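Structural characterization, general
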Amino acid sequence: MENEDVEGGMEDEFRSPGRKYRPVVAHDRAVLEMSSMDHGSSSNADARMAKVGPREHSNANQAAVPANGNVNGSESQHKLELFGFDSLVNILGLKSMTAEQVVAPSSLSTEGDDGPHPYERPRVEEIKLGTMMGVFIPCLQSILGIIYYIRFTWIVGMAGIGESLMLVTLCGLCTFLTSISLSAIATNGAMKGGGPYYLIGRALGPEVGVSIGLCFFLGNAVAGALYVLGAVETFLKAVPAAGIFRETITHINGTRAVEPIESPSSHDLQIYGIVVTIVLCFIVFGGVKMINRVAPAFLIPVLFSLVCIFIGVLLARKDHPATGITGLSLKSFQDNWGPAYQLTNNAGIPDPKGEIYWNFNALVGLFFPAVTGIMAGSNRSASLKDTQRSIPVGTLAATLTTSAMYVISVVFFGAVATRDKLLTDRLLTATIAWPLPAIVYVGIILSTLGAALQSLTGAPRLLAAIANDDILPVLNYFRVADGHEPHIATLFTSFICIGCVVIGNLDLITPTVTMFFLLCYAGVNLSCFLLDLLDAPSWRPRWKFHHWSLSLLGALLCIVIMFLISWSFTVVSLALASLIYYYVSIKGKAGDWGDGFKSAYFQLALRSLRSLGANQVHPKNWYPIPLVFCRPWGKLPENVPCHPKLADFANCMKKKGRGMSIFVSILDGDYHEHAEAAKLACKQLSTYIDYKSCEGVAEIVVAPSMSEGFRGIVQTMGLGNLKPNIVVIRYPEIWRRENLTEIPVTFVGIINDCIVANKAVVIVKGLDEWPNMYQKQYGTIDLYWIVRDGGLMLLLSQLLLTKESFESCKIQVFCIAEEDSDAEELKADVKKFLYDLRMQAEVIVISMKSWDLQAEGGQPDESLEAFTAAQRRIGSYLGEMKSRAQELGTSLMADGKPVIVNEQQVEKFLYTTLKLNSTILRHSRMASVVLVSLPPPPVNHPAYFYMEYMDLLVQNVPRLLIVRGYRRDVVTLFT
């Protein structure tokens, strides 16, 4: 679009008398390009709040003081007046820090004692649980599940006492270390619902939290099916007549059994399992109150059955009527010390022709669900009175209690029966129980049903907590309000549980449950390890018995156990977690939870910044860090915080998009009055940067003027060697047609400030025509290399070639030589220099006289016209300066300072820029982009003169980069 850009002119009827910049209409290019951009979540309420400055607040406080100056009122109301706070700010501040919703006050005044307090929180009638009922009993019910009752004696018979002790120690150590990590994280602040998901997500970020949280949810849902199948299997063994389909085993290891062994059919397990799952779901639908009423009824018979089992072991004799029961015997202890790994059928009965071979690794996968359940208390964290006390005490107490019981049970079971009895009697605990096996049958059924109840209670709440964080939109169906039951999540969990019950094989489900639990435990340990290692100021857990080495050991132990069980299951579970992580990172909503990774990045950045030092970076390690001025000249629409093409150009200065850009905008005015407006503008600019897929940060500076703001930015922006080294600014093409007389002074001041601050400068002319990534360019990139700039111009041309829009272009280097110089020798030197720099370019040497305009056959007509017009304008400006000086009786003044005008030197500068412009038009009229060296502003020349020189230089060149390097090399010849 010719002579029309975002900041271009406008019809006269749209201009107001005192307005310097034109209004913006709907068909402007900036508006059209930015119309589809999402500008973040800044609301009208935020905008209204931004208008409330400190002065209004101060006036409001003054209005609250009585006019007569009497201060005999409430002392508590005014004792913090000196600090600028109201007496209630403490309460409001503390409540807001705990992320609880507080009713906003309508005024700063408070009512009397008779009236209601305006800040009184609404009371929510919700039952909160203590350590015993909220953590210890749920953990105990989940840990003491089906594995102990109907698989533990079989595991002792298969692995032997020695390796069973190793097995219990390995799994118990894993859960004990995880409990310590869980206690440390849970006591590091207030904890909402979600249990381990909440802890992992706030420590490792939303992506890791959601991926591991969903896996843990699946683990709990599948574990519910595991416990249901265990209860049904026990019932069918206790009451064989209840089986619809019966299976009888008469041979063990190829020999006929002494007595037939009844084995439940898979079809019976499926039918009864579905019925039991539906009944448990109805209980869960009743809510936490019903579960709390039912929990003791499930737990008390379990504890009684455990007592009966241990009494039965102590009272068992060699003449016990059951075959294979020897009582506590040293011979049985010695016989059962070693392992007896062998083939078994699907029912676990030894069979040489069986399909399943058991070893230590397989037994780890089978037994590990017997030590899981330590998260049962943290899953219900939203229902606890004091999470920071209940979770560590209740979880560790349950873990130590059950681990000690397992160790004792290994010794007792190994010494009380023969190996054949241990391997063939899945319900040996009921066989040896005192006084009747029925007590243990009831205990087993209630224990497994209680564990299933805890799983079906915790899993929906975990899913609801993930949905409430609004990270994944697909989970919005499971969101629930505070204090409400997650009915939809419970229904979904029930369908998963029923689907696993249909499988009907307990031994196939347990490895899956184990993997999901181990993945969650590893996440908890890694979270504590990261937080403990970083030791951020916010890391102050009340639980002091922890160390990063213990958490690291726990995480490694979880991973080792996963691979011990099955590398294939491990790969599948990790792949599932990775897929969820990838899906969350793409589809999820970004959330900053102050996770440990952010703290790690921060510490790594600080350490890297210190390691860079303050010395100059070697040219091999030099990266462009552009400081991009977003709106330096003219006026953009309110919803466009930056020229749409500036981010595209900033991306062109990076290789493969790697690097950092700093986008800066300056607001004129007083900082106190515009502080809130600056924050909103910074938020909009950050949104714009993300929209343009540009790696960079946004900064808004409030200053009395643009010149002062830039001078402060160029001195202070950045840290150490991460300070911006290139200033990118748009060429002010509008200054003449808009008659903006302040632009020349500001423009020249910016260039001089960059020279003093040792910053490189890139001025973009024709920014509106700059191509985006989809607009292919097939011309040339022409460099007019006039002065030594440290190789910056050459490097920029190479960076342009890495972009899709310029990858088809070729580079031409034009060297400007004096007429009496040896052009061929200069060309050879430049070619050798470019070859050593690994740069492909065509070298062209041009002889040019810098003074005599008539040395050649003449100039193009448009260049001569521009030259003549510039001479006329400079003469007129100089005449005004002289007239003003004569009136005031002073020397020549311009831009508020004295100047010395050498008219012969002014004419020389005009001739030089005219000659360079005509050379560019002659050789590079069809070039995709032209790069030319930036002449510094002459000393003691008015800024108006320099703008005339620059206008003559850029005349009729559609796309031009004016580059000035700084006092260092950015390219090197050496490896």
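Relevant structure appears above.
A short tour of the structure in this document, coming up. If you're wondering where the values come from, they're calculated on a predicted model, not measured in any experiment. (Residues numbered from 1 in each chain as written. Predicted model: local features only at pLDDT ≥ 70, side-chain atom pairs only at ≥ 80, totals over all residues. Heavy atoms only, no water.)

1. Considerations on the side chain of Asn651
Selection criterion: Going along the chain from the N terminus, every DSSP run of H or I of four or more residues is numbered as a helix, and every run of E of two or more is numbered as a strand. Residue burial is assigned from relative accessible area. The probe radius is 1.4 Å, only protein chains are included, and a residue is buried under 20% of its type maximum, exposed over 50%, and partly exposed in between. Contacts were defined at the residue level, with two residues in contact if any of their heavy atoms lie within 4.5 Å.
Looking at where Asn651 falls in the secondary structure, it is placed in helix α24 (residues 644-652). When its relative accessible area of 16% is taken as the criterion, Asn651 is described as buried. For Asn651, the contacting residues outside a window of four places in its chain are Lys692, Ser693, Cys694, Glu695 and Lys803.

2. Some thoughts on the sheet that holds strand β12 (residues 842-847)
The following threshold applies: By this definition, two strands are paired if DSSP reports at least two bridges between them. Under this scheme, a helix contributes an axis fitted over its contacting stretch, all axes are lines through C-alpha atoms, and angles between N-to-C directions fall in the 0 to 180 degree range.
Taken in spatial order, the 10 strands line up as β7-β6-β5-β8-β9-β16-β15-β10-β11-β12 in an open sheet, and their pairing is mixed. Across the chains shown, the open sheet's two edge strands, defined by having one partner strand only, are β7 (696-703) and β12. Ignoring which end each strand starts from, the neighbouring axes of this sheet average 20° apart. Sheet strands touched by helix α26 (residues 706-716): β5 (626-629), β6 (661-668), β7 and β8 (726-730). Its angle to β6, the strand with the most contacts, is close to 145°. Contacting β8, β9 (760-765), β10 (780-785), β11 (810-817), β15 (929-933) and β16 (960-964), helix α28 (residues 792-801) runs over the sheet at an angle of about 175° to β10.

3. As for helix α29 (residues 823-836)
Our working definition: Every helix has an expected span of 1.5 Å times one less than the residues it contains.
Relative to the 20 Å expected for 14 residues at 1.5 Å per residue, α29 spans 20 Å between its end C-alpha atoms, a close match to the ideal helical length. Trailing α29 by a residue or two, Arg838 shows a phi angle of about 60°, which is positive.

4. As for the pattern of salt bridges
For clarity, the cut-off: Counted as salt bridges are all cases of a side-chain nitrogen of Lys or Arg within 4 Å of a carboxyl oxygen of Asp or Glu.
In this structure the tally under the stated criterion is 13 salt bridges. The closest approach of N and O atoms between Glu233 and Lys237, which form a salt bridge, is 3.9 Å. With Glu233 and Lys237 both in helix α10 (residues 206-238) and 4 residues apart, the pair spans about one turn of that helix. Since its relative accessible area comes to 23%, Lys237 is described here as partly exposed. Two residues, Arg711 and Asp753, come together in a salt bridge whose shortest N-O distance is 3.4 Å. Here Asp753 lies in helix α27 (residues 742-756) and Arg711 lies in helix α26, a separation of 42 residues in the sequence. The exposure class assigned to Arg711 is partly exposed, which follows from its relative accessible area of 37%. In this structure, a network of salt bridges that share partners links the residues Arg151, Glu233 and Lys237.

5. As for the nonpolar core
The condition that has to hold: The term nonpolar core refers to a set of buried residues drawn from Ala, Val, Leu, Ile, Met, Phe, Trp, Tyr and Cys, joined through side-chain atoms within 4.5 Å.
Tyr148, Tyr149, Val210, Leu363, Phe367, Tyr406 and Ile561 are the most contacted members of the largest nonpolar core, which has 146 residues in total. With 18 residues, the single largest contributor to this core is α10. With residues near it in sequence (within four places) discarded, Leu363 still touches Trp154, Ile155, Met158, Ala159, Leu167, Tyr341 and Trp358.

6. Observations regarding the pairing of β5
Burial of β5 is two-sided: the residues Pro626 and Val628 facing one way and the residues Leu627 and Phe629 facing the other way are all buried. The pairing of β5 with β8 spans 3 bridges and is classified as parallel. Bridge pairing in β8 places Pro626 opposite Ile726. Bridge count between β5 and β6: 3 bridges; the pairing is parallel. By the bridge assignment, Leu627 is partnered in β6 with Ile662.

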